[in-house]
Amino acid sequence: QVQLVESGGGLVQTGDSLRLSCAASGRAFGDDAMAWFRQAPDKGRKFVAYINWDGSRIDYAESVKGRFTISRSNTKDTLYLQMDSLKPEDTAVYYCAASTRFYNPEDVQRNYDYWGQGAQVTVSS
């Protein structure tokens, strides 16, 4: 059974940092592009960051550029999101996703085949 499991969420204050992890199991994701999306309360799920299979292509939403860093370890089948200088507007449930069908799925949600259950990140002001 293929699973993506996020961890590392929590409650922090404005300006703090958090590191999210997404552990993959059930298949090897070393050849797959992966991404982070987030869903704030009463809003739709939105793109945060994307990384291709070897890390040679990375993209971020404008709202997180310069503050968030996406990375991956293919030997550990794990995706990461380092979040610095957090703001209250970063409060959301964060989801990792993997695409098995597209070399560069980028920010298109329907291009991703597997999703995690989500990790809550809450930033207080």
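Structure's up top.
Within every chain, residues take consecutive numbers counted from 1 along the sequence as written. The predicted origin of the model limits local features to residues at a pLDDT of at least 70 and limits the giving and counting of side-chain atom pairs to 80 or more, whereas totals for whole chains, interfaces and linings rest on all residues. Computation of side-chain values: all heavy atoms of the structure, hydrogens and water removed.

**Quick word on the overall build of the chain**
And step 1. A run of DSSP states H or I qualifies as a helix once it reaches four residues; a run of E qualifies as a strand once it reaches two. Both are numbered from the N-terminal end. Counting its secondary structure elements, the chain contains zero helices and eleven strands.
And step 2. Ordering the α and β elements of the chain from the N terminus gives β-β-β-β-β-β-β-β-β-β-β.
And step 3. What you see for the chain is a C-alpha radius of gyration of 13 Å, in line with the 14 Å of a compact globule of 125 residues.
And step 4. Principal axes of the C-alpha set define a box for the chain whose edges measure 40 × 25 × 25 Å.
And step 5. By the burial criterion, 43% of the 125 residues in the chain qualify as buried.
And step 6. Any two residues whose heavy atoms approach within 4.5 Å are treated as being in contact. The contacts of the chain with a sequence gap of at least 6 include a subset with a gap of at least 24, amounting to 58%.
And step 7. A 1.4 Å probe and the Shrake-Rupley method give the accessible areas. Residues count as covered only by the protein chains that appear here. Carbon and sulfur atoms provide 45% of the accessible area of the chain, an area that totals close to 6,400 Å².
And step 8. Taking the average place of the 14 positive charges on the side chains of the chain and the average place of its 15 negative ones, the gap between the two points comes to 2 Å. With the radius of gyration taken over C-alpha atoms, the globule rule is written as 2.2 Å times the number of residues to the power 0.38. Whether a residue is buried, partly exposed or exposed follows from its accessible area with a 1.4 Å probe, protein chains only, as a fraction of its type maximum: under 20%, in between, or over 50%, in that order. Residues scored as charged are limited to Lys and Arg (positive) and Asp and Glu (negative), so that His and the chain ends carry no count. Note that the charge is assigned to NZ on lysines, CZ on arginines, CG on aspartates and CD on glutamates.

**Focus on the side chain of Arg72**
And step 1. The residue Arg72 is located in strand β7 (residues 68–73) in this model.
And step 2. In the sections that follow, a salt bridge refers to a side-chain nitrogen of Lys or Arg positioned within 4 Å of a carboxyl oxygen of Asp or Glu. Asp77 provides the closest opposite charge to the buried, salt-bridge-free Arg72, at an N-O distance of 6.4 Å.
And step 3. Two N or O atoms count as a polar contact when they lie within 3.5 Å, although within protein this holds only if one can serve as hydrogen donor and the other as acceptor, and sequence-adjacent residues are included solely when both atoms are side-chain atoms. A distance of 3.0 Å separates a polar side-chain atom of Arg72 from the backbone oxygen of Asn52.
And step 4. Within the structure, Arg72 has its side chain in polar contact with the side chain of Asn74 (distance 2.7 Å).

**Describing the sheet that holds strand β8 (residues 78–83)**
And step 1. Strand order in the open sheet formed by four strands is β1-β3-β8-β7, and the pairing between neighbours is antiparallel. Of all strands in the sheet, those with a lone pairing partner are β1 (3–7) and β7, marking the two edges. Direction aside, neighbouring strands of the sheet carry axes that sit 15° apart on average. One bridge is not enough; two strands pair if DSSP finds at least two bridges between them. To obtain an axis, a line is fitted to C-alpha atoms, over the contacting stretch when the element is a helix, and the angle between two such axes runs from 0 to 180 degrees between their N-to-C directions.

**Quick look at the nonpolar core**
And step 1. By convention a nonpolar core is built from buried Ala, Val, Leu, Ile, Met, Phe, Trp, Tyr and Cys residues, the set being connected through side-chain atoms within 4.5 Å. Membership of the largest hydrophobic core comes to 34 residues, with the highest contact counts inside it found for Trp36, Leu81, Met83 and Tyr94.
And step 2. Sorting the residues of this core by element identifies β3 (18–25), β4 (33–39), β5 (45–51), β7, β8, β9 (92–99) and β11 (119–124) as the ones contributing at least two each.
And step 3. Discounting chain neighbours no more than four positions away, the residues touching Met83 are Asp16, Ser17, Leu18, Leu20, Arg67, Phe68, Tyr94 and Val121.

**Re the state of the cysteines**
And step 1. Here, the term disulfide refers to a pair of cysteine sulfur atoms separated by no more than 2.5 Å. Here the structure, examined in full by the defined rule, presents one disulfide.
And step 2. Here Cys22 pairs with Cys96 through a disulfide, and the sulfurs are 2.0 Å apart. Since a negative S-S torsion denotes a left-handed disulfide, the Cys22-Cys96 link at about 55° is right-handed. Here Cys96 lies in strand β9 and Cys22 lies in strand β3, a separation of 74 residues in the sequence.
And step 3. By relative accessible area, which is 0% here, Cys22 ends up buried.
And step 4. In this structure Cys96 comes out as buried when scored by relative accessible area, which is 0%.

**A closer look at the packing of aromatic side chains**
And step 1. Between rings of Phe, Tyr and Trp, where Trp is taken as its six-membered ring, a pair exists when centres lie within 6.5 Å; planes separated by under 30 degrees are stacked, by over 60 edge-to-face, and by other angles tilted. Going through the model one piece at a time under the given rule, you end up with five aromatic pairs.
And step 2. Between Phe37 and Tyr112, the ring centres sit 5.4 Å apart and the planes meet at 80°, which makes this aromatic pair edge-to-face. Of the two residues, Phe37 is situated in strand β4 and Tyr112 in the loop between β9 and β10 (114–115); the sequence distance between them amounts to 75 residues. As far as burial versus exposure is concerned, Phe37 and Tyr112 are alike and both buried.
And step 3. Aromatic side chains Phe37 and Trp115 sit 5.1 Å apart centroid to centroid with 50° between the ring planes, which places their arrangement in the tilted category. Highlighted residues: Phe37 in strand β4 and Trp115 in strand β10, separated in sequence by 78 residues.
And step 4. By relative accessible area, Phe37 is classed as buried at 0%.
And step 5. Judged by its relative accessible area of 25%, Trp115 is partly exposed.

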